[in-house]
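Coordinate inspection notes
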Amino acid sequence: EAVAADWVLEFACYCLCRHFGEGCAAEFRRWGDVAQALINGLSRIPPHQKKVVYLCQLLIRIAKGQKLECHFENDPGISPLESALSFWTLLEKEEVKLEKLHEDIHRLIQIQIVAVYMENGYFKEAAEVLERLFTDSESDKPLRVKLATVVKSKDPYVPLLQSFSYNLLINKIKSYVELFMKESETNFLIQAATKQIESKGFGAMALQNKTLNVNENDERNSGTKLRFVLSICTFLYHINGRMQNGCFNVDFSLVWMYVNCLLGLNNLQNVEKRGGSLACCRRRQLWTYKEDLALKSGIKKFGVGNWAKILAHGDFNNRTSVMLKDRWRTLCRIV
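Residues numbered from 1 in each chain as written. Predicted model: local features only at pLDDT ≥ 70, side-chain atom pairs only at ≥ 80, totals over all residues. Heavy atoms only, no water.

The name given to the chain in an unreviewed UniProt entry is Telomeric repeat-binding factor 1, and the organism recorded there is Trogon melanurus.

See below:
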């Protein structure tokens, strides 16, 4: 059971990394839930799994980094990015060969912790977190002084913060994730699945981990997906049968959890109804009457242009400052 859980956790981390790189939020959340459930089931983190666990926790927090209402620690004063920084520090200790990339990402997370507070209008909190993050060392002093000046100006759009943007942080982490994925190709479950695919002749595209273009009206794609899952189940079944001598037994509740994650569905018949995950990611979310009221109320209170403040104090459903600005332009044209 422990061995099988190791395989699935490593594979979940691999999928989490892939969807983080592709920017597919729905798939990322789904695999994040799987990884988190497996991590929560660990009584302790085995030394060989530390990197996998730390990376999963880092990515989950980075994805929520701009949402100050999300809390991962018992202390509500700890932002998602500040929590992410603690896991990045742990990751840095696990490897030393990427020193420059480690340093760049570490600094970007620090800067964005301050920037996110400022973009949401929490300048006092930005000053407090700045004191927590930076030591009195000489190496930290230049950046600490610059950020302190930015916080005093209460302007989240100064060139310094724009030069070290959240998008830059995401791209740097994607570079790190790509390196991790190359290392993870040696994962036993991936290798075993690859052999099964080769033996069944499913083609090079699947071997390269590229997303299949699912035609909603093509039942053969559904069958291919099902055969892929069943091949892994068959493989694990044979292992289970051969290792009844006390070494281990595969926990098939874990296997079926893995199957459900691969399918992403309660049953195969829902494929045509739900369509591809990428389409779900890109589907536009219509504005509600309640959100329009919150936007108008925020503009009345803070004024046009203070989108970050309006976003922080209004009741919006997964919106950004840019979305608020665009919606206001639309409402003005309607009037």
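1. Re the overall build of the chain
Selection criterion: Counting from the N terminus, the helices are the DSSP runs of H or I reaching at least four residues and the strands are the DSSP runs of E reaching at least two. Only heavy atoms enter the contact rule, under which two residues are in contact if any of them lie within 4.5 Å.
Of regular secondary structure, the chain possesses 18 helices and zero strands. Considering only intrachain contacts with a sequence separation of at least 6, the fraction spanning at least 24 residues in the chain is 65%.

2. Some thoughts on the confidence of the model for the chain
Going by this rule: How sure the predictor is of each residue is captured by pLDDT, a score from 0 to 100.
Per-chain confidence: the chain averages 77 in pLDDT, with 73% of residues scoring 70 or above. Taken element by element, the chain is modelled with least confidence in helix α14 (residues 271–274), mean pLDDT 39, and with most confidence in helix α3 (residues 50–63), mean pLDDT 94. Residue range residues 209–222 is modelled with pLDDT below 50. Its contacts to residues more than four positions away, or to other chains, number 15 contacts. Low pLDDT, under 50, characterises residues 263–283; the stretch is placed with 23 contacts to residues that sit more than four places away or in other chains.

3. Things to note about the side chain of Ser-83
To keep things clear, this is the line we draw: N or O atoms closer than or at 3.5 Å make up a polar contact, with two conditions inside protein: a donor-capable atom paired with an acceptor-capable one, and, for residues adjacent in sequence, both atoms drawn from side chains.
Note on placement: Ser-83 falls in helix α4 (residues 80–94). A distance of 2.4 Å separates a polar atom in the side chain of Ser-83 from a polar atom in the side chain of Glu-73. With sequence-adjacent residues up to four places away left out, Ser-83 is seen in contact with Arg-61, Phe-72, Glu-73 and Ile-78.

4. Overview of the packing of helix α5 (residues 99–119) against helix α7 (residues 141–153)
To keep it simple, the criterion reads: Simply put, an axis is a line fit to the C-alpha atoms, just over the touching stretch for a helix, and the angle between two N-to-C directions goes from 0 to 180 degrees. With respect to orientation, any angle under 35 degrees is reported as roughly parallel, any angle over 145 as roughly antiparallel, any angle of 65 to 115 as roughly perpendicular, and every other angle as oblique. Residues are sorted three ways: Asp, Glu, Lys and Arg are charged, Ala, Val, Leu, Ile, Met, Phe, Trp, Tyr, Cys and Pro are nonpolar, and all the rest, Gly among them, are polar.
Contact pair α5 / α7: the axes reach a minimum separation of 11 Å and the direction vectors enclose 10°. As judged from the angle between their axes, α5 and α7 are roughly parallel. Of α7, the residues touching α5 (which contributes Arg-107, Ile-111, Val-114 and Met-118) are Leu-143, Leu-147, Val-150 and Val-151. Of the residues that constitute the contact of α5 with α7, the class distribution is seven nonpolar, no polar and one charged.

5. Points about unusual backbone geometry
Stated formally: Think of it in three bands: residues with accessible area under 20% of the maximum for their type are buried, residues over 50% are exposed, and the middle band is partly exposed, with areas taken using a 1.4 Å probe on protein chains only.
Residue Lys-154 is not a glycine yet carries a positive backbone phi of 55°. If you trace the backbone, Lys-154 turns up in the loop between α7 and α8 (159–163). A relative accessible area of 53% means that Lys-154 is categorised as exposed.

6. Thoughts on the packing of α3 against helix α9 (residues 166–184)
Heads up, the condition is: Handedness of each helix crossing follows the sense of rotation of the near helix against the far helix: counterclockwise by less than a right angle gives left-handed, clockwise gives right-handed.
Running from N to C, α3 and α9 cross one another at 155°; their axes reach a closest spacing of 12 Å. The orientation of α3 relative to α9 falls into the category roughly antiparallel. Of the two elements, α3 crosses α9, and the hand of that crossing is left-handed. Here Lys-51, Val-52, Leu-55, Leu-59 and Ile-62 of α3 lie close against α9, whose contacting residues are Tyr-166, Leu-169, Ile-170, Ile-173, Tyr-176, Val-177, Phe-180 and Glu-183.

7. Overview of the nonpolar core
Here is a general trend for soluble globular proteins: nonpolar side chains tend to be buried in one another's company. Quick reminder of the rule: Among the buried residues, those of types Ala, Val, Leu, Ile, Met, Phe, Trp, Tyr and Cys that are joined through side-chain atoms within 4.5 Å form a nonpolar core.
Formed by 68 residues in total, the largest nonpolar core has its most connected members in Leu-55, Leu-59, Ile-62 and Leu-169. If we ignore the near neighbours within four places in the chain, the residues touching Ile-62 are Phe-20, Leu-81, Ala-84, Ile-109, Tyr-166, Leu-169, Ile-170 and Ile-173. By size, the runner-up hydrophobic cluster in this structure holds nine residues, among which are Trp-287, Ile-310, Phe-316 and Leu-331.

8. Description of the packing of aromatic side chains
Think of a pair of aromatic rings as described by two things: how far the centres are apart, and how the planes are tilted against each other in angle. To be explicit about the condition: Whether two aromatic rings pair depends on their centres lying within 6.5 Å, for rings of Phe, Tyr and Trp, where Trp uses its six-membered ring; planes under 30 degrees apart make the pair stacked, over 60 edge-to-face, and the rest tilted. In this scheme, the term charge over a ring applies when either NZ of a lysine or CZ of an arginine sits within 6 Å of the ring centre and within 35 degrees of the ring normal.
The tally for this structure, following the rule as stated, stands at five aromatic pairs. With centroids separated by 5.1 Å and ring planes inclined at 80°, the aromatic side chains of Trp-88 and Tyr-176 adopt a geometry described as edge-to-face. Of this pair, Trp-88 sits in helix α4 while Tyr-176 is found in helix α9, placing the two residues 88 residues apart along the sequence. Using a relative accessible area of 2% as the deciding quantity, one classes Tyr-176 as buried. Considering the side-chain rings of Trp-287 and Phe-316, the 6.2 Å spacing of their centres and the 70° angle between planes classify their relative orientation as edge-to-face. Note that Trp-287 is positioned in the loop between α15 (277–282) and α16 (289–302) and Phe-316 in the loop between α17 (307–313) and α18 (321–334), a separation of 29 residues in sequence. As far as burial versus exposure is concerned, Trp-287 and Phe-316 are alike and both buried. One Lys or Arg, Arg-319, reaches over the ring of Trp-287 and ends 4.2 Å from the middle of that ring.

9. Brief notes about the side chain of Gln-57
Of note, Gln-57 is situated in helix α3. Note on Gln-57: relative accessible area 7%, which makes it buried. Side-chain polar atoms of Gln-57 contact the side chain of Arg-61, separated by 3.0 Å. Discounting residues that sit within four places of it in the chain, Gln-57 has contacts with Gln-36, Ile-39 and Phe-87.

10. Quick notes on α4
Heads up, the rule is: To estimate how far a helix should extend, the number of its residues minus one is multiplied by 1.5 Å.
Counted at 1.5 Å a residue, the expected span for α4 with its 15 residues is 21 Å, and the 22 Å between its end C-alpha atoms agrees. For α4, the set of buried residues is Pro-80, Leu-81, Glu-82, Ser-83, Ala-84, Leu-85, Phe-87, Trp-88, Leu-91 and Glu-92. Lining the buried residues of α4 we find α3, α5, α6 (123–133) and α9.

11. Structural notes on α5
For α5, built from 21 residues, the straight-helix expectation of 30 Å at 1.5 Å per residue is met to within 8% by its first-to-last C-alpha distance of 30 Å. Counting buried positions over the 21 residues of α5 gives 15, a clear majority of the element.

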